[in-house]
Amino acid sequence: MKTCKDAIVASTWNRPFEAPAQIPLKADVVIIGGGIVGVSTAWTLARQGIDVVLCEKGHIAGEQSGRNWGWVRVQGRDSREIPMMLESLRIWESLEKELGEDVGFTRGGCLFTANSEQQLRGFEDWVNIGREYAIDTRLINARELKKLLPASAINWAGAMYTPSDGRAEPHKAAPAIARAAERSGASILTACAVRGLETTAGNVSAVVTEHGVIETSTVLCAGGAWTSLFCRSLGINVPQLQVLGTVARTAPADAVLSGNVFDERLGIRRRQDGGYTVAHGSVLGHLVTPASFKYFFKFLPALMQQHKIVKLSFGREFMDAWSMPKSWALDAPTPFEDKRVLNPLPSSRALKGIRKNLDTIFPQLSNTPIVETWAGMIESSPDIVPVIDAIDSLPGFHIAMGFSGHGFGLGPGAGKAAAGMLTGKDSGIDISALRLHRFFDGSPIKPKVSI
Ligand SMILES: Cc1cc2nc3c(=O)[nH]c(=O)nc-3n(C[C@H](O)[C@H](O)[C@H](O)COP(=O)(O)OP(=O)(O)OC[C@H]3O[C@@H](n4cnc5c(N)ncnc54)[C@H](O)[C@@H]3O)c2cc1C
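Predicted, not measured: the structure shown is a model, and the values here were computed from it.

### Considerations on the overall build of the protein chain
Consideration 1: Looking only at helices and strands, the protein chain features 14 helices and 21 strands.
Consideration 2: What you see for the protein chain is a C-alpha radius of gyration of 21 Å, in line with the 22 Å of a compact globule of 451 residues.
Consideration 3: Principal-axis analysis of the C-alpha atoms places the extent of the protein chain at approximately 65 × 45 × 45 Å.

Okay, structure coming up:
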């Protein structure tokens, strides 16, 4: 198996850093993080004429947003995400036209297969939820599924199917949105870690970056896996844990499907280049760190629900996280500069499973080589639903985090919602259920969907 020899996906992060020659002295809004949520927020704000600066410590889409499976789906989501996801799908639909760039979006449909009649019936609840939102999700029987996947060697009982769901190319999407934000007037700074904030009379008054200070009264932290650490340095408690997802890309091959297919052994989608992006359907790793203990009780319902999928492992990461500083001086390098790109190693167990399951389910692809492999750290909140919220204890500071394994598709809608929160203008997307306080006010923490 070749690893990253022919790196289309990894070219997003395997390249030299480009630090800014100079940085703006002030801005209306500063966004921390150049993932799909940060760049979508910057793009929305810049088009409204707002002076926005985005600071990314590494590369645009260098972490989760460039490493994901590329599924853009509403099917199976927690209902709190559905209105935002439907808005996102609307944005995805016209994104290439708006950006003037290719992002590989297409509506190829989404299938969650069922191995038994009982598993198929288990999807009925979500089909009913989908119906409330006029989504075209339905259950299909074995015969109809065979017509959609004639090359599969598995006799599934049927599937949940949403023809209008789609996919896009992660290595293209966020960078293209960032470039569009720049063309609309945003400053997009890479290799520019934010070390912390300055406050005046208890309100945010500036962002301190490794290249200098930017005066601002409004900050959004869309820092992905780093959000909890950043917030902790400000004395703000944001429960967040991470799981390792391993992904592979095949060479171009025969068309055995057109959209996204999830089976508990395999997550697979057709790529724009004619290959497939593949992952194991049920192998995610949680590398235990001190945060696992700190947030144990808040994440217990999620761990119980996901125990068959998420395998715990103890290793070097525990000591690395243990020795990582929890607060720091703002005039010296911080953990954000020490690790500009979170680039975990793929799991060899997951890769073996991917190859085996791909060959079993789609024998026609058994001679198709895997030409690139990579991994990403998926960050999650305790109920596997994002937080998009203003932080009351620090006026001017806001967060957008916890997008779990579903934030790529949600990104454009999340950016629109976050922009509305920052400007106080109605975005048309209700984010009241996404407040941070739900993890502290005694509300039951009930994850309803998978990571
Ligand atoms: C393996 C895998 C598969 C997935 N599959 C899918 C899928 O098919 N569909 C889907 O919808 N979602 C999927 N996801 C989830 C999706 O990728 C994420 O939810 C989404 O990309 C999160 O975007 P983000 O902008 O919040 O975070 P990120 O993309 O992680 O971006 C955060 C950025 O903030 C930067 N940053 C952090 N701290 C600082 C700082 N102090 N200063 C400056 N910069 C900072 C980081 O460097 C990073 O680039 C998957 C994720 C993974 C890892």
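From this point, the narrative continues.
### Quick notes on the pairing of strand S10 (residues 203-209)
Consideration 1: Of the pairings in the sheet, the one linking strand S9 (residues 194-200) to S10 comprises six bridges and is antiparallel in character. Residue pairing for S10: Gly 196 is matched across the bridge by Val 208.
Consideration 2: Adjacent in sequence and paired antiparallel, S9 and S10 are bridged by two residues, among which Ala 201 carries a positive phi angle near 50 degrees.
Consideration 3: Where S10 lies against strand S11 (residues 212-215), four bridges are found, and the strand directions are antiparallel. Bridging across to S11, Val 207 finds its partner in Ile 214.
Consideration 4: Where S10 hands over to S11, the hairpin turn is made up of two residues, counted between the paired strands.

### Thoughts on the site of the ligand
Consideration 1: Around the ligand sit 41 residues in total, of which Gly 33, Gly 35, Gly 224, Gly 376 and Gly 407 are the nearest.
Consideration 2: Those elements giving two or more residues to the shell around the ligand turn out to be helix H1 (36-47), helix H2 (64-67), strand S13 (241-250), strand S19 (370-380) and helix H14 (407-423).
Consideration 3: The element best represented in the shell around the ligand is H14, accounting for four residues.
Consideration 4: Across the shell around the ligand, the residue classes break down as 18 nonpolar, 19 polar and four charged.

### Topic: the sheet that holds strand S2 (residues 52-55)
Consideration 1: Spatially, six strands are ordered S8-S2-S1-S12-S21-S20 in an open sheet, and the strand pairing comes out mixed. The two strands at the open ends of the sheet, each matched to only one other strand, are strand S8 (187-189) and strand S20 (387-390). Strand-to-strand twist across the sheet, computed as the mean angle between neighbouring axes with direction ignored, equals 15 degrees.
Consideration 2: Where strand S12 (residues 218-221) lies against strand S21 (residues 397-401), three bridges are found, and the strand directions are parallel. From the neighbouring strand, Cys 221 faces S21, where its bridge partner is Ile 399.
Consideration 3: Seen against the sheet, H1 touches strand S1 (29-32), S2, S8, S12 and S21 and runs at an angle of roughly 165 degrees to S2.
Consideration 4: Contacts from H14 reach S1, S12, S20 and S21 within the one sheet, and its direction differs from that of S20 by about 10 degrees.

### Let's talk about the sheet that holds S9
Consideration 1: Read across the open sheet, the three strands follow the order S9-S10-S11; overall the sheet is antiparallel. In this open sheet, the two edge strands, each paired with only one partner strand, are S9 and S11. Across the sheet, the mean angle from the axis of one strand to that of its neighbour is 30 degrees, orientation sign disregarded.

### Digging into the packing of helix H3 (residues 82-99) against H14
Consideration 1: It is at 7 Å that the axes of H3 and H14 come closest, and there the two elements cross at 105 degrees. It follows that H3 is roughly perpendicular to H14 by the angle criterion. Residue-level contacts link Met 84, Met 85, Glu 87, Ser 88, Ile 91, Trp 92 and Leu 95 of H3 to Gly 409, Leu 410, Gly 411, Pro 412, Gly 413, Ala 414, Lys 416 and Ala 417 of H14.

What counts and how
Residues numbered from 1 in each chain as written. Predicted model: local features only at pLDDT ≥ 70, side-chain atom pairs only at ≥ 80, totals over all residues. Helix = DSSP H or I, 4+ residues; strand = E, 2+ residues; numbered from the N terminus. Rg over C-alpha atoms; globule rule 2.2 N^0.38 Å. Pairing = 2+ DSSP bridges. Near = placed C-beta within 6 Å. Nonpolar A, V, L, I, M, F, W, Y, C, P; charged D, E, K, R; others polar. Axes fitted to C-alpha atoms, helices over the stretch in contact; angles between N-to-C directions. Contact = placed C-beta atoms within 7 Å. Parallel < 35°, antiparallel > 145°, perpendicular 65-115°, else oblique.

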